[in-house]
Amino acid sequence: MSDESVDGGVAPPPASAPARPGPTRGRRFRGALVASAAAGLVVGSGAVALAWNLSGSDDDRPFTLVGQARAKGNPGATGSCVGSHELSDIDKGALVTVYDSAGRVVATGSLGSGAYDSSSRCVFPIAVRGVPGGSASYSVQVGWHGKHRITNEQARTGGLVVTLD
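Notes on the structure follow. (Residues numbered from 1 in each chain as written. Predicted model: local features only at pLDDT ≥ 70, side-chain atom pairs only at ≥ 80, totals over all residues. Heavy atoms only, no water.)

This next bit is on the sheet that holds strand β9 (residues 160-164). Judged by pairing direction, the sheet is mixed, and its 5 strands sit side by side in the order β2-β5-β6-β1-β9 without closing on themselves. Taken across any chain shown, the strands that pair with only one partner, and hence form the sheet edges, are β2 (80-81) and β9. The pairing of strand β5 (residues 114-116) with strand β6 (residues 122-131) spans 2 bridges and is classified as antiparallel. Residue pairing for β6: Y116 is matched across the bridge by C122. (Pairing = 2+ DSSP bridges. Helix = DSSP H or I, 4+ residues; strand = E, 2+ residues; numbered from the N terminus.)

Here it is, written out as structure tokens:
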């Protein structure tokens, strides 16, 4: 007998890794499905935003009323300030009440810290959050002083100036 093995002594060639098949129909379909879903999400979101905008104007949404209260000051004065004499209730934290055009209280806030402006008036910032939109006008009362009437546009654009002289 010979030294050769039954199979001829030749080792079989190593098995090679199978070639990767190209994209199958299932993978292409899944990619198209994902792309369609993404496009649907974008279109759907746009439709929801459009419906939201058409359902009510910005005038109906709550906003922050900003402005200032001005009190007479001392000629040449600078730095921080507070109301004096008949305005002694005007100071940081003083109540700011907002009324709608029907006279109902719709929001409250408070004054910020007062500081003298270039004309030596004592000026307090006003910022009242959560004022409901939709009223044609508003009235703003600072402390226990009289109400100051403003338009909806003035209320929304920082046009509120309450003079407390």
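Turning our eyes to something else, we now look at the nonpolar core. Considering soluble globular proteins, one finds that nonpolar side chains tend to be buried as a cluster. Within the largest apolar cluster, 27 residues are counted, with the highest numbers of intra-cluster contacts made by L65, A69, L111, I126, V128, V131 and V142. Looking at this core, the elements that each hand over two or more residues are β1 (63-71), β3 (95-100), β6, β7 (137-142) and β9. Take this core: its biggest share by element is 5 residues, from β6. Excluding anything up to four places from it in sequence, I126 contacts L65, V66, G67, Q68, A69, V96, L111, V142 and L160. (Core = buried A, V, L, I, M, F, W, Y, C linked by side-chain atoms within 4.5 Å. Buried < 20%, exposed > 50% of the residue type's maximum accessible area, 1.4 Å probe, protein only. Contact = heavy atoms within 4.5 Å.)

A full pass over the atoms with the stated rule returns 2 salt bridges. One salt bridge connects D100 with R104, and the closest N-O pair in it is separated by 2.8 Å. With its nearest N and O atoms 2.9 Å apart, the salt bridge here joins D117 to R121. (Salt bridge = Lys/Arg side-chain N within 4 Å of Asp/Glu carboxyl O.)

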